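Structural overview
The lines below spell out each chain.
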Protein chains: 2
Amino acid sequence: MDIKPDIPTELVRQRIERLQKVMQSESMDAFILTQNIDIYYFSGSMQNGFLFIPCIGEATFYVRRSIQRAKLETPVQVAELGAFRQFGQTLRTDYPSLGREGAKLRIAADLDVLPAQIYLKLSELLSSARLCELVDGSAHIRKLRMIKAAWEIGRIESAARVVAEALEESLNELKEGISELAWMARVEYELRVRGHIGMMRLRGYNQEITTGMVISGAAAAVPTYFDGPAGGLGLGAASPQSVSRSTIHRDVPILIDIGCCIDGYVIDQTRTAVIGELPEALMRAYEVSESIIVAAESQMIPGAICTKIYEDALQQCAAAQLSDHFMGYGADQAKFLGHGIGLEIDEWPVLAKGFNMPLEEGMVIAVEPKFTFPGQGVVGIENSYLITEHGARALTFTKTGLIVLP
Amino acid sequence: MDIKPDIPTELVRQRIERLQKVMQSESMDAFILTQNIDIYYFSGSMQNGFLFIPCIGEATFYVRRSIQRAKLETPVQVAELGAFRQFGQTLRTDYPSLGREGAKLRIAADLDVLPAQIYLKLSELLSSARLCELVDGSAHIRKLRMIKAAWEIGRIESAARVVAEALEESLNELKEGISELAWMARVEYELRVRGHIGMMRLRGYNQEITTGMVISGAAAAVPTYFDGPAGGLGLGAASPQSVSRSTIHRDVPILIDIGCCIDGYVIDQTRTAVIGELPEALMRAYEVSESIIVAAESQMIPGAICTKIYEDALQQCAAAQLSDHFMGYGADQAKFLGHGIGLEIDEWPVLAKGFNMPLEEGMVIAVEPKFTFPGQGVVGIENSYLITEHGARALTFTKTGLIVLP
């Protein structure tokens, strides 16, 4: 089988060590990773099973399927998971120091994504094997994953290059009268042939995205469940966001918020296009979105506080008398300016109220100021940035600016 | 906003009534639906929130976002969710008969998909409002959803028509030397322009599928985590299944296991193609797969037991001395012959060991006998069937038979 390790062995080792340090400082005895993305991050493999990492000592990837493939993908030791009901006993046998009589242990897991049904079974198995109860360790995973290694930045840049090429290739077919769906299909074809895996992974429950959204005119301003600044008419109540069969017209904004996932890593970017010209109020709002992203870009240095950057953007909106239109309209406004990206599209940090953490080198953030005008459409821009010691470095390749088509 | 109700009001009413009957017979006092698909099924809307259905009386869809859109999509009454920490109190106020002093209540939820973190918060809110603890009601949901209404069959047929057209349109580009990825991109384009929503939803944790898999020769036989009969080299360890950049050659099987999601409903079908001719052993195995599907087709009448149909297929494999190759190879064999489809691709019933339930009218099942030959590839066939009073009716439009290309 032509299967090779993907993540460098040294990086897998470093990540496990970092998690072990967190466990030691948080008095956790072990971590069980259950979600495919978390397992991949800490092992290099996405096979089906549980990745067990003790606070000290060697990790084991307990695999249900495919063991053969997991062994070729990960430097971590692989064991057969076997019957799930025996898993507590298996851990006691393989990690005897965890089973000390009388000691109450804390084992963490990624409870933000693990379904309750499996959580309850796992809790029972661990407690009946006198191990412990499971605690929620998901915030620690999300914090570790915020800081990207150079190898990860390379992958995000590959994705950024693919999305820029796909947009470039498709723009000549963006014409009056084409449907949002038909043009999106074209963009997606260009993304896919370049290696887009077919989806952009999201951590949030019930959130779905495949390649973003292309929405035009009034349809773009229709609100939806998705926790983002734009909605879209969508393809019916069973897919109530993004593209619809609406036709793209002249002189209305076309929001092109697209991304892709290359070798596991996502990129997210938005450009606003128009066939003809934008109405004056929307043109003005578009310009404010550019001012906001420029201001954010200069603020995003190590040590800057996430919530402060968001609040400054709110102030700029207020000064421009656009507060009601920022990131959605009225009751349907999203309450953020930007979000981390990496293996998932909704990573940390978030430039939002309450996110009081400082920026650090290695974070990657998609900043997306947008303005919604009910009945008219959505305008805005989005670039993804790497935080470096010198400040924000744009990872987005597509040229900034309104795309004006004849 | 051009938003109209999608699911007929009468159907929404019937579904809620059926769930209420289940609750009454299972001594459950209420149900909280949390997953987007479950909420859509019982309300007609997929907005973000919780759908509360008491065992007697009127349901309420508590919506976080977009309330405005939810009201246009569902006949169920809509209320603002408000602060989540108040949700227990809200239910006590809105459903006072649920809060009787001293009465221990059982509220069910879809715990097979609800993340543990939300489950734990919800449990706490309900118990602190003296409501109850949450119990797992997911099996009941899955059982109700097994039986499709005529309206649903229409949607599945629409999806079946789209996949047949997309395959037909793309076959002339299936040539020696094209990569699996490039041809899949072509198929996906044809699916998308016809309204495929961009993903095929799965209920299983960590399972992912966008449009199925196109895998050829030895790459098809590479095992993976996915709980299906074929694997695929994939696009790296971060997408370890389905298409790869491998080139399609002459005289090897090309497994075309594709589907799509139209207006919420999925279809699943497989054809085997070859440019030139199949090696003799694989040709023979392909013929056995056709015999198995024909046998299953005649057995699938109301009252037939799922596990029996699977066991009969195993016997046919044994008689053909193909047991080791059936549905994967060796340790990586999948243990089923077919699966329910509907809003999700992994619905019930499953034609598998331990599934002792009888078939009923209205079930829709994808039957997919396949044979894996390491180093050579995978062959097989898959059709989707509706169980009617007269037996199985194929919903798949694509003609049966090996696709032989020059």
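On a predicted model such as this, the values are computed, not experimentally measured, just so you know.

1. Here's the deal with the side chain of Lys-148 of chain A
Residue and element names in this part refer to chain A. For Lys-148, the location among the structural elements is in the loop between α6 (138-146) and α7 (150-170). Within the local environment of Lys-148, its side chain forms a polar contact with the backbone oxygen of Arg-145, the two atoms lying 3.1 Å apart. At a separation of 2.8 Å, a polar atom in the side chain of Lys-148 contacts the side chain of Glu-347. Not counting the four nearest positions on each side in its chain, Lys-148 is found in contact with Ile-153, Ile-156, Ile-341, Gly-342, Glu-347, Gly-362 and Val-364.

2. Focus: the relation of the copies chain B and chain A
The transformation that overlays chain B on chain A combines an axial shift of 0.0 Å with a rotation of 180 degrees, and the residual RMSD is 0.0 Å. This pairing of chains is accounted for by a two-fold axis. The share of interface residues of chain B whose copies in chain A are also at the interface is 100%, consistent with both copies meeting through the same surface.

3. Details of the sheet that holds strand β16 (residues 391-394) of chain A
All names here are of chain A. Pairing in this open sheet of 5 strands is antiparallel, and the strands run β11-β10-β12-β15-β16 from one edge to the other. Among the strands making up the open sheet, the edge pair consists of β11 (347-352) and β16. On average, each strand axis in the sheet is inclined to that of its neighbour by 30 degrees, with strand direction left out of account. Of the strand pairs in this sheet, strand β10 (residues 336-340) and β11 are connected by 4 bridges, and their pairing is antiparallel. Looking across to β11, one finds that Phe-336 is bridged to Ala-352. Sheet contacts for helix α10 (residues 280-299): β10, β12 (364-367), β15 (383-388) and β16; angle to β15, the most-contacted strand, approximately 15 degrees.

4. Points about the domain arrangement of chain A
Residue and element names in this part refer to chain A. When the domains of chain A are assigned, the result is domain 1 (9-144) and domain 2 (147-405). When each unit is reduced to the centre of its C-alpha atoms, the spacing between domain 1 and domain 2 is 35 Å. At the junction of the two partners, domain 1 supplies 16 residues and domain 2 supplies 14 residues. Carbon and sulfur atoms supply 55% of the area that domain 1 and domain 2 bury against each other, a total of about 1300 Å² over both sides. Looking at the side of domain 1 facing domain 2, the largest losses of area belong to Ile-37, Tyr-40 and Arg-142, adding up to 45% of the total buried there. The tally of links from domain 1 across to domain 2 stands at 3 salt bridges. Two residues, Arg-203 and Asp-112, come together in a salt bridge whose shortest N-O distance is 2.6 Å. The tally of links between domain 1 and domain 2 comes to 8 residue pairs in polar contact (both at pLDDT 80 or more).

5. Let's talk about the pattern of salt bridges
Tallied over the full model, the rule gives 50 salt bridges over all chains. Linking Asp-257 of chain A and Lys-370 of chain A is a salt bridge whose minimum nitrogen-to-oxygen distance equals 2.8 Å. A residue pair is termed long-range when its members are at least 10 positions apart, and Asp-257 of chain A in strand β8 (residues 254-262) and Lys-370 of chain A in strand β13 (residues 370-373) qualify at 113 residues. Among the residues examined, Lys-370 of chain A registers a relative accessible area of 0% and is labelled buried. Its salt-bridge partner being Arg-145 of chain B, residue Glu-344 of chain B comes within 2.8 Å of it at the nearest N-O pair. Here Arg-145 of chain B lies in helix α6 (residues 138-146) and Glu-344 of chain B lies in the loop between β10 (336-340) and β11 (347-352), a separation of 199 residues in the sequence. Judged by relative accessible area, Glu-344 of chain B falls into the buried class, the value being 2%. The class for Arg-145 of chain B is buried, based on a relative accessible area of 3%. Among the charged side chains, a salt-bridge network with shared partners connects Asp-38, Asp-112, Arg-145, Lys-148, Arg-203, Glu-344 and Glu-347 of chain A.

6. Looking at the nonpolar core
Counting residues in each nonpolar core, the largest one holds 156 residues, and the members touching the most others are Phe-42 of chain A together with Phe-42 of chain B. Setting aside residues no more than four positions away along its own chain, Phe-42 of chain A makes contact with Val-12, Arg-15, Ile-16, Leu-19, Leu-33, Leu-51, Ile-53, Val-76, Ile-141 and Leu-144 of chain A. Listed in part, the 46 residues of the second largest apolar core include Leu-81, Leu-111 and Leu-122 of chain A together with Phe-87 of chain B.

Cut-offs used in this document
Residues numbered from 1 in each chain as written. Chains lettered and ligands numbered in written order. Predicted model: local features only at pLDDT ≥ 70, side-chain atom pairs only at ≥ 80, totals over all residues. Heavy atoms only, no water. Helix = DSSP H or I, 4+ residues; strand = E, 2+ residues; numbered from the N terminus. Polar contact = N/O pair within 3.5 Å; in protein donor to acceptor, adjacent residues only side chain to side chain. Contact = heavy atoms within 4.5 Å. Least-squares fit on C-alpha atoms with pLDDT ≥ 70 in both. Pairing = 2+ DSSP bridges. Axes fitted to C-alpha atoms, helices over the stretch in contact; angles between N-to-C directions. Domains from an automatic or database assignment. Buried area = accessible area lost by both parts, 1.4 Å probe. Salt bridge = Lys/Arg side-chain N within 4 Å of Asp/Glu carboxyl O. Buried < 20%, exposed > 50% of the residue type's maximum accessible area, 1.4 Å probe, protein only. Core = buried A, V, L, I, M, F, W, Y, C linked by side-chain atoms within 4.5 Å.

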